[in-house]
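Notes for the structure review
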Amino acid sequence: MDGHTPRKTVDMNSVAVVCRRAWNAVDPRDRTEMKSPAQTVVVHHTALRYCSNPRDSVPHLAHIQHMHMQERGFDDIGYNFLISGDGVVYEGRGWGIVGAHAKEHNFHSVGIAFMGNFNDELPSSASLSALLRLLHIGVLHGHVQPSFVLVGHRDVAKTACPGEHLYSLLPKLREQLQNH
Ligand SMILES: [Zn+2]
């Protein structure tokens, strides 16, 4: 440390999104475009392995996609985006595409999953920051309505998702979104 450590600034206008090709996604069977910008953002956890580096995340994403398509019969990985513990955002279905993550809400929402089980784990600050930046960009580019509502999956369905520790941070995240 040299005593001149620059104050960490977060550029709200940028977030790196790892594209599908980079995690070896297979093509969707079908895709439906959303008719208007998302009104709701639904936060999920995968309830699977906690991933915090690409060596773990990349094969795990392919596994999740396989599960969603082969076992659950979805057309593609269910979520629009996934975020790993190292704060990397992975493209799922991406912006503007109807997901399969929250019954009856898919057509007007974006589903974002944190990779891990947050009944046990605490979400990292890197992953939370990535979510805020992703949403900021989503609004900026017109994929998400500026007045969108941030909810946890359990707010709209009978589920423990997105896990107690992540769910309890949602009020703080809403506050932070207000301030940007
Ligand atoms: Zn969920």
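Quick summary incoming for the structure in this document. Computed from a prediction, not measured in an experiment: that's the story for all the values here.

Some remarks on the coordination of the zinc ion
Looking at the metal site, the zinc ion is ligated by H44 (ND1), H153 (ND1) and C161 (SG), spaced 2.1 to 2.2 Å from it. All donors of the zinc ion come from a single chain, and their spacing in sequence reads H-x108-H-x7-C. C161 shares its class with H153; the two are buried.

Points about helix α2 (residues 125–140)
For α2, with 16 residues, the first-to-last C-alpha span of 22 Å sits near the 22 Å given by 1.5 Å per residue. For α2, the complete set of buried residues consists of S127, L128, S129, A130, L131, L132, R133, L134, L135, I137 and G138.

Remarks on the nonpolar core
Formed by 27 residues in total, the largest nonpolar core has its most connected members in I112, F114, L131 and L150. Among the nonpolar cores identified, the runner-up in size contains twelve residues, and W23, C51, L61 and L82 belong to it.

A look at the side chain of T40
Mapped onto the secondary structure, T40 falls in strand β2 (residues 38–45). Judged by relative accessible area, which is 13%, T40 ranks as buried.

Topic: the sheet that holds β2
Read across the sheet, six strands follow the order β1-β4-β3-β5-β2-β6 without closing on themselves; strand pairing throughout is mixed. Looking at which strands have only one partner, the edges of the open sheet turn out to be β1 (17–18) and β6 (144–152). Bridge count for β2 against β6 is five bridges, and the pairing is parallel. Note on β6: the bridge partner recorded for A38 is V144. Helix-sheet contacts for helix α1 (residues 54–71) involve β3 (81–83) and β4 (89–91), and the interaxial angle to β4 is about 30 degrees. Contacts from helix α5 (residues 170–178) reach β2 and β6, with the element oriented near 165 degrees to β6.

Notes on the environment of S124
Among the structural elements, S124 can be located in the loop between β5 (109–114) and α2. Taking the C-alpha atoms as reference, S124 lies 30 Å from D27; in sequence the two are 97 residues apart. Setting aside its immediate chain neighbours within four residues, S124 contacts Y50 and G85.

Topic: α1
For α1, spanning 18 residues, the distance from its first C-alpha to its last is 24 Å, which sits close to the expected 26 Å at 1.5 Å a residue. Burial in α1 covers these residues: S57, V58, H60, L61, I64, Q65, M67, H68 and M69. Those residues of α1 that are buried lie in contact with β3 and β4. Two or three places before R55, at the opening of α1, N53 has a side-chain oxygen 3.0 Å from that residue's backbone nitrogen. In the stretch just after α1, G73 is the one whose phi turns positive, near 75 degrees.

Description of the packing of α2 against α5
How two helices pack is summed up by the angle between their axes together with the distance between the axes. Relative to each other, α2 and α5 sit at 45 degrees, their axes nearing to 11 Å. Relative to α5, α2 is oriented oblique. Crossing angle aside, the handedness with which α2 passes α5 is right-handed. Side by side, α2 and α5 meet where L128, L131, L132 and L135 of the first sit next to L173, Q176 and L177 of the second. Here the contact of α2 with α5 is built from residues that sort into six nonpolar, one polar and no charged.

What counts and what doesn't
Residues numbered from 1 in each chain as written. Predicted model: local features only at pLDDT ≥ 70, side-chain atom pairs only at ≥ 80, totals over all residues. Heavy atoms only, no water. Donors = N, O, S within 2.8 Å, 3.2 Å for Na, K, Ca; no water. Buried < 20%, exposed > 50% of the residue type's maximum accessible area, 1.4 Å probe, protein only. Helix = DSSP H or I, 4+ residues; strand = E, 2+ residues; numbered from the N terminus. Expected span 1.5 Å × (residues − 1). Core = buried A, V, L, I, M, F, W, Y, C linked by side-chain atoms within 4.5 Å. Pairing = 2+ DSSP bridges. Contact = heavy atoms within 4.5 Å. Axes fitted to C-alpha atoms, helices over the stretch in contact; angles between N-to-C directions. Polar contact = N/O pair within 3.5 Å; in protein donor to acceptor, adjacent residues only side chain to side chain. Parallel < 35°, antiparallel > 145°, perpendicular 65-115°, else oblique. Left-handed = near helix turned anticlockwise from the far one by under 90°. Nonpolar A, V, L, I, M, F, W, Y, C, P; charged D, E, K, R; others polar.

Nothing here speaks to function; it is geometry throughout.
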